[in-house]
Amino acid sequence: MVPVRVIWELPGRLRLEMQKGTTVKIDSFDGTNLRGLSGTLTTQDQGLLESLLLNCAEHFFLTQVQGNATRFLGKRFQMEDISLDQYSGPFYDVYEVEDRIDLRVGRGNQQKYFYVNSDNHLLEKIRYTLKKGNMETVVEVDLESWQPIEGQMFPFSIVRKENEQPVVSLAIEAVDLGPAKNDGIFDNP
């Protein structure tokens with residue numbers, strides 16, 4: 001387990017501080033550019049930043065405000081192809097969104113599927129396919145263990161899977177809320 005501190009400012013700035021041995025690795029997105037204090041960001045660093053910033057309920061709502069194409073696919077989908085009387089999992093309302101990805105090289109539009117729990121109305125899953133050259137990677141981000149903090153709901157578990165294999169797992173211990181500050185923390189990591 002690696003300690004991580006995330007500073008996130010809506011609508012699209014994020015700073016990630018991760019303890020690596022005796023040093024702290026700092027990556028940030030200032031709304032336009034990805035930066036890493038220790039040099040080039042790895043694919044895993046980019047995936048983590050993307051999962052935190054672009055695979056969340058806030059981003060889903062921001063895409064609507066920005067006018068991204070959204071299609072409601074239907075209510076109460078089940079995740080397994082079994083009979084309804086045998087299914088015990090949650091049901092989902094599913095939205096297809098044409099999202100604009102501005103974090104990585106090869107920026108462009110990305111078709112994503114947002115799965116909102118039909119009963120508690122919380123975003124629990126995002127699925128999409130990344131193309132890396134001739135390879136396709138199926139990405140799934142699971143948002144779980146939602147808890148209220150100052151009247152807002154936050155997932156305390158975030159797991160990113162690529163081709164069904166977990167590549168990032170965050171267990172959140174605490175959330176602090178506060179107003180945006182013009183302190184330059186996103187300008188230079």
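Counting restarts for each chain, with residues numbered from 1 along the sequence as it is written. Only residues with pLDDT of at least 70 get local features here, since the model is predicted, and only at 80 or more are side-chain atom pairs given and counted; chain-wide, interface and lining totals rely on the full set of residues. Side-chain measures were taken over the full set of non-hydrogen atoms in the model, leaving aside hydrogen atoms and water.

### What to know about the sheet that holds strand β3 (residues 23–29)
Put simply, the rule is: When DSSP locates at least two bridges between a pair of strands, those strands are taken to pair. Numbering of helices and strands runs from the N terminus, with a helix taken as a DSSP run of H or I at least four residues long and a strand as a DSSP run of E at least two residues long. Note on geometry: axes are lines fitted to C-alpha atoms, helical ones only across the stretch in contact, with angles between N-to-C directions running from 0 to 180 degrees. Contacts between residues were defined by any pair of non-hydrogen atoms, one from each residue, lying within 4.5 Å.
Pairing within the open sheet is antiparallel, and its 4 strands lie in the order β1-β2-β3-β4. A strand with exactly one partner marks an edge of an open sheet, and here the two such strands are β1 (4–9) and β4 (34–36). On average, each strand axis in the sheet is tilted by 10° relative to the strand beside it, whichever way the strands run. Alignment of strand β2 (residues 13–20) against β3, held across 7 bridges, turns out to be antiparallel. Bridging across to β3, E17 finds its partner in I26. The strands touched by helix α1 (residues 43–54) within the sheet are β1, β2, β3 and β4, with β2 carrying the most contacts at an inclination of about 135°.

### Topic: a nonpolar patch on the surface
As a reminder, the rule being used: Here the term patch refers to residues with relative accessible area over 30% and no salt bridge, with like charges joined within 9 Å and nonpolar side chains (Val, Leu, Ile, Met, Phe, Trp, Tyr) within 5 Å. Note on areas: Shrake-Rupley, 1.4 Å probe, and residue coverage restricted to the protein chains presented here. Salt bridge, as used here, is a side-chain nitrogen of Lys or Arg placed within 4 Å of a carboxyl oxygen of Asp or Glu.
Residues V2, V4, V6, W8 and L10 make up a contiguous nonpolar surface patch of about 390 Å² in total accessible area. Examined against the element boundaries, L10 turns out to sit in the loop between β1 and β2.

### A short note on unusual backbone geometry
For clarity, the threshold we go by: For the exposure calls, accessible area comes from a 1.4 Å probe over protein chains only, and a residue counts as buried if that area is under 20% of its type's maximum, exposed if over 50%, partly exposed in between.
Even without glycine at this site, H121 takes up a positive phi of about 65°. Judged by relative accessible area, which is 57%, H121 ranks as exposed.

### Topic: the packing of aromatic side chains
Operational definition: Any two rings among Phe, Tyr and Trp, with Trp reduced to its six-membered ring, count as a pair given centres within 6.5 Å; such a pair is stacked if its planes are under 30 degrees apart, edge-to-face if over 60, and tilted if neither. Here, a charge over a ring is recorded when the distance from Lys NZ or Arg CZ to the ring centre is within 6 Å and its angle to the ring normal is within 35 degrees.
Enumeration according to the criterion identifies 6 aromatic pairs in this entry. Centroid distance F72 to Y95: 5.1 Å. Interplanar angle 45°. Geometry classified as tilted. One end of the pair, F72, is in strand β5 (residues 70–78); the other, Y95, is in strand β6 (residues 91–101), with 23 residues separating them in the sequence. Residue F72 is classed as partly exposed on the basis of its relative accessible area of 41%. A residue is classified by how much of its surface remains accessible, and Y95, at 23% relative accessible area, is partly exposed. Centre to centre, the rings of Y87 and F91 are 5.2 Å apart; their planes meet at 70°, and the pair counts as edge-to-face. A residue is classified by how much of its surface remains accessible, and Y87, at 9% relative accessible area, is buried. With relative accessibility at 15%, the residue F91 sits in the buried group. Members of the aromatic cluster, each reached through a chain of ring pairs, are F60, F61, F72, Y95 and F114. Sitting over the ring of Y128, K112 keeps its end group 4.8 Å from the ring centre.

### Topic: the pattern of salt bridges
With the rule as written, the count across this model stands at 13 salt bridges. With its nearest N and O atoms 2.7 Å apart, the salt bridge here joins R13 to E9. Taking the relative accessible area as the measure of exposure, E9 reaches 16% and is therefore buried. With a shortest N-O distance of 3.0 Å, K161 and D142 are connected by a salt bridge. Note that K161 is positioned in strand β10 (residues 152–162) and D142 in strand β9 (residues 135–149), a separation of 19 residues in sequence. Given the relative accessible area of 23%, K161 is considered partly exposed.

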